[in-house]
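Structure at a glance
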Amino acid sequence: MIRIFSCAFHVILFLSLVFYIRAQDELVYSGPTGGTGAAALSAAEEFRFGVQAYNRFSYNEAIFSFERALSFRPGEPLILDWLGKAYYRSGFEETALRQWRAALDNYGRGTGVGMLLNARIETVANRRILFPVANDGVRYVGSGRYPGRYNDIILYRQPTSVLANNDGSVWIVAYGSNEIVRVDVNGVIRERKRGPLTGFDRPYDLVRGLDGRMYLSEYRGGRVSVLNSNGDWLFYIGSRGLGAGQFVGPQHLAVDEDGYLYVVDYGNARISKFDPDGLFILSFGVRSAVFPGMLSPTGIAAGGGKIYAADSAAKAIYVFDPNGNYLGRLAVNNLTGPESLRFLSDGTLIAADGNRILQIDPDSAIVRELGLAGTERVRITGADMDKNGSIVAADFNASEVSVMTRFDDIASGLFVQIRNVNTDRFPHVTLELTVEDRLRRPIIGLDNNNFLITENGIPVSGQTLVSQGFRYSGADISLLVERSDATSRLRDDLGAASRDIGRALQEMTNSKVVSVISAAAQPRREQHTSSLENAVRGTDNISTPLWRFDLGLRLAATDLLSAAPKRSVVYIGSGSLGDLAFEQYSLSEMASYLANNGIVFNAVIIGSGQVTPAIEYLCRETGGGAMYLYSPQGIGSLIKNIADTPCGLYSFTFDSRQHTDFGRAWLSVEAEVYLQERSGRDNTGYFAPME
């Protein structure tokens with residue numbers, strides 16, 4: 001009896017142990033990727049490793065971990081989503097889209113996360129170029145306004161002109177209230193400038209010179225005020241009168257490629273030209289044997305070696321050379337009363353014509369109506385395109401500035417991506433995100449009021465905007481030096497390029513060379529801290545016809561992933577990229593790797609080489625440029641332009657209120673961004689440090 005009881009006890013004990021082990025196997029861990037058991041535990045561990053690697057910008061390591069996590073949890077949408085993010089940051093957009101589409105199938109298109117993922121897929125799939133201009137047939141519609149009145153408070157009166165700034169704000173020339181005001185993207189007035197002690201006298205137009213100074217015409221004052229880059233008054237150009245260098249009612253202004261200033265002298269029906277410091281040179285536009293004379297000169301623009309002057313009475317745009325010689329009439333039909341003219345970045349003109357905003361191609365004379373800024377009673381006297389791609393138009397009659405945005409951009413919203421979450425000081429969390437439009441153009445000028453960060457839908461505690469990438473004053477660069485047979489004979493040119501780059505960086509704040517990459521058969525990092533010139537010049541035995549542009553560019557870009565908000569790979573070489581240029585990584589993959597990580601590609605061409613189509617493509621897709629070493633303006637300007645690159649990176653801190661489960665819990669975080677009629681959203685998650 002005792003033996004039977006003892007056997008039964010052992011059987012029960014054995015079965016209990018089996019059930020206990022099975023229960024523990026099922027309950028051991030249920031992580032963010034779902035599921036139970038050993039496979040779920042392994043998937044969760046690999047997923048954690050992947051997220052941590054992603055936040056360290058180690059995207060190859062993240063891909064490896066996410067792939068392993070999928071081997072334990074095939075088809076898990078959260079893992080697929082993050083795998084797609086890692087591929088996207090690595091430049092493999094087609095692969096990223098495949099992962100995201102697979103995740104979408106498992107999430108379901110009707111779910112909240114599914115709809116957000118579907119929007120991301122559509123944005124990436126439809127994107128083609130980085131910095132669009134108004135040339136693709138899309139109309140601009142009203143998206144906001146900067147009113148001149150708030151209830152009974154007059155903010156400014158009768159705007160006549162606008163001038164876009166690099167930080168997304170715009171200067172508004174307020175004719176009626178004798179001032180210029182700087183307004184941010186949210187319509188908040190940040191500065192007022194009223195000139196010297198005697199004040200401005202009916203200011204009319206404002207333009208920026210090549211050195212950053214600004215020129216402001218004063219209609220009733222009969223003069224042009226010269227301002228510094230902050231809008232503070234410096235001195236006058238000209239005076240009221242009929243003589244050379246004098247004005248009667250100066251209106252619109254323009255600055256050409258050489259820095260010369262052109263002033264439309266409305267009362268004298270002519271155009272006067274001055275050097276940057278105000279020395280009078282000549283006047284033109286009056287009646288002559290070959291030119292009928294201007295009746296009512298209004299807008300003016302200078303570019304491409306030509307001067308374009310509008311005449312509202314003649315309903316025409318005339319063309320002159322910089323010496324004032326009449327070249328002909330821009331064949332534009334159906335103008336009703338053209339006023340301001342400004343050049344866009346693609347070389348076309350934006351013109352204000354009554355209540356219409358027009359785009360005019362000066363080469364073909366093709367005119368496209370971008371949009372209408374209200375009814376026929378509206379009078380647009382000045383229009384410009386701001387740094388976010390919206391048209392800002394000064395409505396004199398309504399005493400406000402209208403903001404017009406591409407219809408497709410309003411419909412598609414903002415493209416928001418949470419790029420990095422740092423939890424080293426948890427519960428104090430640092431979050432970085434980028435804000436772009438659907439065509440990858442950075443959205444700049446936002447402040448803390450444009451963002452809402454939440455955890456599980458609840459606003460976080462202590463949301464603080466700690467940095468705005470567009471305000472960063474410097475730049476980090478990585479030099480990619482071609483080590484081909486061609487450049488082996490041009491080592492003196494390589495040395496000259498390094499000296500010019502070094503001098504430019506010394507004149508810039510917060511700027512440095514992060515790395516020097518020798519693009520040989522096996523690219524390598526050069527020691528450059530002791531002598532940048534020696535690192536760039538290289539040695540006699542490093543050059544090879546089998547040099548690898550793609551591997552070198554990949555290495556140079558990787559060194560910049562955690563660098564300053566504004567960063568650039570600067571290629572120095574012959575321009576001919578060699579037979580193995582894209583042996584491992586394609587041209588489009590390299591362009592995506594740079595653009596998706598906010599890295600600009602610039603090129604310095606040495607010797608007698610050419611700017612090849614591949615170099616042009618990389619520059620165009622990332623917002624960079626190419627320049628010959630011995631260009632008259634010097635390559636220093638190319639380097640300094642990196643610091644002016646638009647940057648849509650924003651960094652926040654907040655205090656998390658979520659329970660960490662000793663660092664095992666998946667903590668969700670969401671970011672929403674609002675700008676006038678547009679908005680965008682992204683969500684992600686993170687792990688707190690293990691306890």
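For the structure given in this document, a descriptive report is provided here. These numbers were taken from a predicted model, which means no experiment stands behind them.

Here's the deal with the pattern of salt bridges
- For the structure shown, the criterion picks out 42 salt bridges.
- Two residues, Asp550 and Arg548, come together in a salt bridge whose shortest N-O distance is 3.2 Å.
- Under the relative-accessibility criterion, Asp550 is labelled buried at 0%.
- Accessibility expressed as a relative area gives 11% for Arg548, which makes it buried.
- Because the salt bridges share partners, they merge into one network encompassing Asp167, Arg182, Glu191, Lys193 and Asp232.

Points about the packing of aromatic side chains
- Here the structure, examined in full by the defined rule, presents 36 aromatic pairs.
- Pairing Phe291 with Tyr318 gives two aromatic rings, centres 4.9 Å apart and planes at 90°, and the pair type is edge-to-face. Of the two residues, Phe291 sits in the loop between β17 (280-284) and β18 (297-303) while Tyr318 sits in strand β20 (residues 316-320), which places them 27 residues apart along the sequence.
- In this structure Tyr318 comes out as buried when scored by relative accessible area, which is 5%.
- Between Phe291 and Tyr326, the aromatic rings sit 4.6 Å apart at their centres with planes inclined by 45°, giving tilted as the arrangement.

A short note on the sheet that holds strand β6 (residues 179-183)
- In spatial order, the strands read β4-β5-β6-β7; together these four strands make up an open sheet with antiparallel pairing. The sheet is open, and its two borders are formed by β4 (159-164) and β7 (189-193), each paired with just one other strand. With strand direction ignored, the average angle separating the axes of adjacent strands in the sheet is 20°.
- Pairing analysis gives five bridges linking strand β5 (residues 170-174) to β6, with the strands arranged antiparallel. What sits directly across from Trp171, in β6, is Arg182.

As for the layout of surface pockets
- The volume enclosed by the second largest pocket comes to roughly 360 Å³.
- Around the second largest pocket, the lining is made up of 18 residues, and of these Glu93, Glu94, Ser588, Ser592 and Tyr617 lie nearest the centre.
- Among the secondary structure elements, those contributing two or more residues to the lining of the second largest pocket are α5 (93-107), α6 (112-126), α12 (587-595) and α13 (613-622).
- Take the lining of the second largest pocket: its biggest share by element is five residues, from α5.
- Within the lining of the second largest pocket, the residues separate by chemical class into six nonpolar, four polar and eight charged.

Examining the packing of helix α2 (residues 38-55) against helix α4 (residues 77-89)
- With their axes 11 Å apart at the nearest point, α2 and α4 run at an angle of 30° to one another. The orientation of α2 with respect to α4, classified from their angle, is roughly parallel. Remark: the crossing between α2 and α4 carries left-handed chirality. Here α2 contributes Phe47, Val51 and Tyr54 to the contact with α4, which in turn contributes Leu78, Ile79, Trp82, Lys85, Ala86 and Arg89.
- Here the residues of the contact of α2 with α4 are counted per class, giving seven nonpolar, no polar and two charged.

Calculation criteria
- Residues numbered from 1 in each chain as written.
- Predicted model: local features only at pLDDT ≥ 70, side-chain atom pairs only at ≥ 80, totals over all residues.
- Heavy atoms only, no water.
- Salt bridge = Lys/Arg side-chain N within 4 Å of Asp/Glu carboxyl O.
- Buried < 20%, exposed > 50% of the residue type's maximum accessible area, 1.4 Å probe, protein only.
- Phe/Tyr/Trp six-rings, centres within 6.5 Å; stacked < 30°, edge-to-face > 60°.
- Helix = DSSP H or I, 4+ residues; strand = E, 2+ residues; numbered from the N terminus.
- Pairing = 2+ DSSP bridges.
- Axes fitted to C-alpha atoms, helices over the stretch in contact; angles between N-to-C directions.
- 1 Å grid on protein atoms, 1.4 Å probe; cavity = no way out; pocket = protein on both sides within 12 Å on 5 of 7 lines; lining within 4 Å.
- Points joined across faces, edges and corners; volume = space filled by probe spheres on them.
- Nonpolar A, V, L, I, M, F, W, Y, C, P; charged D, E, K, R; others polar.
- Parallel < 35°, antiparallel > 145°, perpendicular 65-115°, else oblique.
- Left-handed = near helix turned anticlockwise from the far one by under 90°.
- Contact = heavy atoms within 4.5 Å.

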